[in-house]
Amino acid sequence: MPISVPKISFLTKEGQKTKRLDFRYELHKRRLLFLCQDLNSEVVNQITSLLLFLHLEDEDKQQHLFIHSRGGLATHAMAIYDTMQLVTLGVHTIGMGVVASMATLLLAGGAYTKRNAYAHATIMLHHSDCPPYFEGTEAGISVDFKERFRVFDMIAEILEERTGHSYEDLQKVTTAKEAQDYGIIDAIVDKAREMKL
């Protein structure tokens, strides 16, 4: 059974009328975005369009992306990662719950010094999923196979550049402390005031 979206009541400036809004609207207005499910086309569309809209609305305001996701297809993660790099101030990323696979790329892809995780977050990196091509002629399968390795190499290169550690070493990480030691995050946060939202 889906959880209903609560509405928030507040007074408007014109005529002191009470207005009810979806609380996500208020969170987005404060540039607080949430990735709390596995990556798919719909989620990628929502996150990238919000990042771009909020950036165009005011590029001098910091955006925050809270991440609790087991990841998904590498191509989905790359769409969000590339969009994050377009944001002038960078995106403040906060890992919570479980951050795994391609969600770890997004956590590490935040603005340097603004990549955080909660103290009890589980952060894991493992081989990413690529679209299941491998259909068709032998020549077509060969091209798909090469593309799969190209995407994997690109992700490994990005992670190595952003963390200063080899992809193989990064696969050992499971805790927020290890993620900090390996450069996936910059700080562990256990108090809201430490995050400066």
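Before any of the text, the structure's been laid out above.
Everything numeric in this text was worked out from a predicted model, so none of it was measured. (Residues numbered from 1 in each chain as written. Predicted model: local features only at pLDDT ≥ 70, side-chain atom pairs only at ≥ 80, totals over all residues. Heavy atoms only, no water.)

Asks: Account for the packing of aromatic side chains, naming residues and giving values.
Replies: Overall, the coordinates contain two aromatic pairs when judged by the stated rule. On the basis of an interplanar angle of 10° and a centroid distance of 4.9 Å, the ring pair of phenylalanine 34 and phenylalanine 66 is categorised as stacked. Here phenylalanine 34 is found in strand β3 (residues 32-35), whereas its partner phenylalanine 66 is found in strand β4 (residues 63-69), with 32 residues between them in sequence. For phenylalanine 66, a relative accessible area of 5% corresponds to the buried category. Their ring planes at 80° and their centres at 5.2 Å tell us that phenylalanine 152 and tyrosine 167 sit as a pair that is edge-to-face. Of this pair, phenylalanine 152 sits in helix α5 (residues 138-163) while tyrosine 167 sits in helix α6 (residues 167-170), and the two are 15 residues apart along the sequence. On the basis of relative accessibility, which here comes to 22%, the residue phenylalanine 152 falls in the partly exposed class. Taking relative accessible area as the criterion, tyrosine 167 reaches 2% and is therefore assigned buried. (Phe/Tyr/Trp six-rings, centres within 6.5 Å; stacked < 30°, edge-to-face > 60°. Helix = DSSP H or I, 4+ residues; strand = E, 2+ residues; numbered from the N terminus. Buried < 20%, exposed > 50% of the residue type's maximum accessible area, 1.4 Å probe, protein only.)

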